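Structural features, examined
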Amino acid sequence: MDKSLFRYIWRHSRRDQLIICSVVLASLPFYFASLDLPRRIVNEAIQGRAFEGGRMTAPFLNMSFTLPDWLGGGTYTLFEGFQLDRLSLLFGLSGVFLFFVLVNGAFKYWINVEKGALGERMLRRMRFELFALVLRFTPETLRTVKSTETATIIKDEVEPIGGFIGDAFITPAFLGTQALTALAFIMVQNIWLGLMAMGVIGIQFTIIPKLRRELLRLGKQRQLASRRLAGRVGEVLDGIEAVHVHNTRGWERAEIGHRLYELFDIRFRIYRRKFSVKFLNNLLAQVTPFLFYAVGGYFALRGQLDIGQLVAVIGAYRELPPPLKELIDWDQQRLDVQVKYDQVVQHFSPERLLPGEEEVDAPADVTLSGPLEAEGVTVADPHGGTVLDGATFALDLPARVAMVADGTASASVMARILARRSTQFSGRLSIGGADLTRLPAAAAGQRLAYAGVDPILFPGSIRDNLVYGLRFRPVGKADEGSREAARRLMEAKRTGNPVESIHDPWIDYSLAGAGDEAELDRILLDLLSQAGLQDDLYRFGLSGLIDPDRDPELASRIVEARALLRKTFSAAGMADLVEPFASDRYNDQATVAENLLFGVPTSRAFMGRSLAENPAFRDSLDETGLCDDLLVMGASIAETMTEIFRGLPPGHPLFEQFSFIGADELDEFEAILRRRQGRARALPKPDQTRLLALPLAYVEPRHRLGLLGDELKTKLVQTRAEVHRKLARLQDPGVDFYDEDQVCAAAPLKDNLLFGRVSYRVANAQGRVAEAMSAVVTELGLRPAVERIGLDHQVGPAGRLLTAQQRAVVNLVRCLVKRPDILVVDGALAPFDEARAQALLRLLLERSEGQSLFFVLPNDRQADLFEAQMRFARGQVTAKMTRPPAQTGSAQKRIAGGVS
């Protein structure tokens, strides 16, 4: 980032600044004319000076100019204008004044819009440049800089900088020229009034900025305190599990409260100083009108100033305070923004960054093979101790190398250096004669992979994370010929943003050895299966959704599997395990709401308790008379629940079994029941809604309160048809209805296969159904399709929806997919037990054939599986080849011992 904010602004917005400033200059004649017109209206039309000497008419809109004597003198008329009487002249001059007001307003509108657009473009540019600098943070910086603080800088702290950028040159030019024009007009009318105005302005511009210096200091403190607060909140969120384990919520609340008090105190002092300065500024602004009325009135009484001039001077001065105040505010904003900008530059200082590179794509001929040579590699720990002490070794690559640790961090440190995850070392490390530290980042990203102890996953699907290493550059262009696409491209060029669109195809299938998306999915599934994640993928797939429009063939196969599964249940005497959905029959294993909707909600208005207050749904219940029955049922549930739960502590297992009412809602429902008993008339609508929501979640075999008789079930099925008719009339029904011959796109794949509900009455029904379903899916060859749906399973923030083992597998497979020349593994198998770790090590050895694998081992029990060994002892490294690469395959059969 440029050290000077104004130089940064000028370099990137010079052309736009000059265009807007040119328009500002073009607006000044119109502004001056609008100041002079009140004088002409008063003198010429109202006082009648244009009609002196008995003239009945006066010229209007005449255009003439007189040359000075030294140019020969003479008056030249461009347009004689129109002859108007006194009343017509008054309205004519007033109309011209209104015209100039509109013109000046149009100028201001255009200038402000363009200024705002310029500021937003520059803000977009600055945020992108800062994000690009984040991508260049050194590995050491990433371990010390808080991510929340950096995100706060990019999101919030540069916001006022972007707002100021549009004002940086244009505001002083616009407001300054307007103020000077108004001041010059006053000077033309009367020199003494002009000097008085100039004196007050001088005092304002001298005293006010000095008083605001303290505001700058406090503003800097506020910014740092806000940033530290954001950082601390982020730390608590990252460590929330430790907070819960050790019950330190009171301590954390107290600490955040203390930080909030400090921030409050700073902000309160800012407000006091800010409004005291504002009071003084307003006082000085009101002194000048007093002087104008007093001194100007004196000059008018003495005949040295006519009434029209006095009115014009007062009107002109009314135009002075706003621009002057805004200029003073602009100066304050300039100083404040400069402080913020300096702190941003400091946060992204060059010593925190890797060298910048213009090249995005890695050279096609870069291959990390040949001799790996280290000369005097030395690394010191933060306390001055030596981790590596002049390590010197050589190995021929490609090779599979065991990095045998000596109980210290030496092996892990060397692994991070090889993977370019650490740059703080002295000495030289080269591959094939090329310095590893000077390898282009793009080439390193393609040819290097690193799997550490802490897998880093991004929010999105499992597939998104697996193919993340294939998104180096767009491999084509999206077909975007729309006007919006052209505008997006133009704005990207104007703001220094990438011209590549996020809609472009970014996945380079060739890097994974695939030809298209389907082949890539097969590769991903094969790798995940070998890594032991196939069962998890299958479960994820059963919970996933399918789109019949996108994959009609799979949808038809699911319907086929549904029919076969039902036949399988009947043939095996398991028909009682699942109660299928039927449009003319009540399903005892489903909730009342599911039976009424006979579908899956796609809108929140039909989910949970919101369904009870949905207008269309309530109308259907009212028309069939079912609403009263459900209210009685709801009251009965509420009475039973309040009796059962009274005196039970929150978190008791009964609350989970009877999930109608939470522990914190008992008092509310007791109050509703009391109101119901004490009123002959109907309950208020909110109370009805609360009671109605209870039976909608009721399942007779599960809750066993004996509230659903055959008559009520029949009425529920009849109301189902009315609900469907009501919802079908809506533009968005909000429900995807069940159809025995179709796939329900809003329902999970498992529900589409069953097309019913597992019985609560049969023991171990869930397990037996799952086995039968798996057999049918395998018989029809649908398991790969189910697993492919499982690839769309969301991993959550930082992969928190996956287990530690699942995250580790996804991370390893992501590294393998892009087929790197060098794969460095350090602690990536720590979450696994011994047998699983052995299988994964076998996979890594098989997949690294013809490539280089560096694997950190805690001991040498499995070192003989590798072609080469690097042994660490007291900061020194000994490297040697143990056998030719061809012997590795047979060595894999001797895998024994633990891997960590």
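Fair warning: this is a prediction, and the values are worked out from it, not measured in the lab.

**Quick look at the overall build of the chain**
If you tally the helices and strands in the chain, you get 33 helices and 18 strands. When the accessible surface of the chain is split by element, carbon and sulfur atoms take 55% of a total near 45500 Å².

**Remarks on the environment of L841**
Mapped onto the fold, L841 is located in helix α32 (residues 834–847). Judged by its relative accessible area of 0%, L841 is buried. Distance from L841 to L865, taken between C-alpha atoms, is 9.8 Å for residues 24 residues apart in sequence.

**Considering the sheet that holds strand β5 (residues 370–380)**
The four strands are arranged β6-β5-β8-β9 in an open sheet whose pairing can be described as antiparallel. For this open sheet the edge positions go to β6 (386–397) and β9 (434–435), each flanked by a neighbour on one side alone. Across five bridges, β5 lies against strand β8 (residues 426–431) in antiparallel orientation. By the bridge assignment for β8, E373 is matched with S430. Contacting β5, β6 and β8, helix α13 (residues 410–418) runs over the sheet at an angle of about 55° to β6.

**Notes on the confidence of the model for the chain**
Scored by pLDDT, the chain comes out at a mean of 83, with 86% of its residues at no less than 70. Contacts from residues 358–362, a stretch scored under 50 in pLDDT, to residues over four places away or in other chains number eight contacts. Note that residues 886–900 has pLDDT below 50 and, in this model, 36 contacts with residues that lie over four places away or in other chains.

**Let's talk about the sheet that holds strand β16 (residues 852–857)**
A sheet is described by the order of its strands in space; here six strands give the open sequence β10-β15-β16-β7-β17-β18, paired in mixed fashion. The open sheet has two edge strands with one neighbour each: β10 (448–451) and β18 (876–881). Along the sheet, successive strands turn relative to each other by an average axial angle of 15°, direction set aside. Pairing between strand β15 (residues 822–825) and β16: four bridges, direction parallel. From the neighbouring strand, L823 faces β16, where its bridge partner is L853. Those strands touched by helix α31 (residues 804–817) are β10 and β15, and its axis lies near 170° from that of β10.

**Some words on the side chain of T495**
Among the structural elements, T495 can be located in the loop between α16 (483–494) and α17 (517–530). In this view, T495 contacts R121, R124 and R125; residues no more than four positions away in its chain are not counted.

**Structural notes on the packing of aromatic side chains**
For the structure shown, the criterion picks out 17 aromatic pairs. Where Y261 meets F264, the ring centres are 6.4 Å apart and the plane angle is 40°; that geometry is what we call tilted. Remark: F264 and Y261 occur in helix α10 (residues 249–302); sequence separation between them is three residues, near one turn of the helix. Ring centres of F598 and Y738 lie 5.4 Å apart, and the angle between their planes is 85°; on these two criteria the pair is classed as edge-to-face. Highlighted residues: F598 in the loop between α20 (592–597) and β12 (599–601) and Y738 in the loop between β13 (735–737) and α28 (749–754), separated in sequence by 140 residues. Assigned by exposure class, F598 and Y738 land together as buried. Each member of the aromatic cluster is reached from another via a ring pair, and the members are F6, W10, F164 and F169. Over the aromatic face of Y538 sits the side chain of R783, whose NZ or CZ is 4.3 Å from the ring centroid.

**Some remarks on the side chain of R814**
As for its placement among the helices and strands, R814 is situated in helix α31. Nearest to the buried, unbridged R814 among oppositely charged side chains is D464, at 11 Å.

**Brief notes about the pattern of salt bridges**
The full count for this structure, using the stated rule, is 34 salt bridges. Here D535 makes a salt bridge to R783, at a shortest N to O gap of 3.2 Å. Taken as a pair, D535 in helix α18 (residues 534–542) and R783 in helix α30 (residues 783–790) lie far apart in primary sequence, 248 residues in all. For D535, a relative accessible area of 48% translates into the label partly exposed.

**What to know about the packing of helix α19 (residues 552–571) against helix α29 (residues 765–779)**
Where α19 contacts α29, the axes come no closer than 10 Å and their chain directions differ by 130°. The orientation of α19 relative to α29 falls into the category oblique. Helix-helix and strand crossings are classified by hand; for α19 and α29 the assignment is right-handed. Mapping the contact onto sequence places A561, L564, L565, T568 and F569 in α19 and V769, A772, M773, V776 and E779 in α29. The residue makeup of the contact of α19 with α29, split by class, is eight nonpolar, one polar and one charged.

**Let's talk about the pairing of strand β7 (residues 400–404)**
Note on strand geometry: in a regular strand, side chains alternate between the two faces of the sheet. A large share of β7 lies buried, amounting to five of its five residues. In the sheet, β7 pairs with β16 via five bridges, with the strands oriented parallel. Considered in β16, the bridge of A402 is made with F855. Of the pairings in the sheet, the one linking β7 to strand β17 (residues 868–873) comprises four bridges and is parallel in character. Note that in β17 the partner of V404 across the bridge is R871.

**Brief notes about the packing of helix α1 (residues 5–46) against helix α2 (residues 86–134)**
Closest axis-to-axis distance for the α1/α2 pair is 9 Å, and the angle between their directions is 165°. By the criterion of interaxial angle, the relationship of α1 to α2 is roughly antiparallel. Handedness of the α1/α2 crossing: left-handed. Each residue belonging to the contact of α1 with α2 can be placed in one class, and the counts come to 28 nonpolar, seven polar and eight charged.

**Here's the deal with unusual backbone geometry**
For the bond from L397 to P398, the omega torsion is 5°, close enough to zero to count as cis. Positionally, P398 belongs in the loop between β6 and β7. Positive phi outside glycine occurs at R819, with the angle close to 50°. As for its position among the elements, R819 is in the loop between α31 and β15.

How each quantity is defined
- Residues numbered from 1 in each chain as written.
- Predicted model: local features only at pLDDT ≥ 70, side-chain atom pairs only at ≥ 80, totals over all residues.
- Heavy atoms only, no water.
- Helix = DSSP H or I, 4+ residues; strand = E, 2+ residues; numbered from the N terminus.
- Areas by Shrake-Rupley, 256 points an atom, 1.4 Å probe, with all protein chains shown as cover.
- Buried < 20%, exposed > 50% of the residue type's maximum accessible area, 1.4 Å probe, protein only.
- Pairing = 2+ DSSP bridges.
- Contact = heavy atoms within 4.5 Å.
- Axes fitted to C-alpha atoms, helices over the stretch in contact; angles between N-to-C directions.
- pLDDT = per-residue confidence, 0-100.
- Phe/Tyr/Trp six-rings, centres within 6.5 Å; stacked < 30°, edge-to-face > 60°.
- Lys NZ or Arg CZ within 6 Å of the ring centre and 35° of its normal.
- Lys, Arg positive; Asp, Glu negative; His and termini not counted.
- Salt bridge = Lys/Arg side-chain N within 4 Å of Asp/Glu carboxyl O.
- Parallel < 35°, antiparallel > 145°, perpendicular 65-115°, else oblique.
- Left-handed = near helix turned anticlockwise from the far one by under 90°.
- Nonpolar A, V, L, I, M, F, W, Y, C, P; charged D, E, K, R; others polar.

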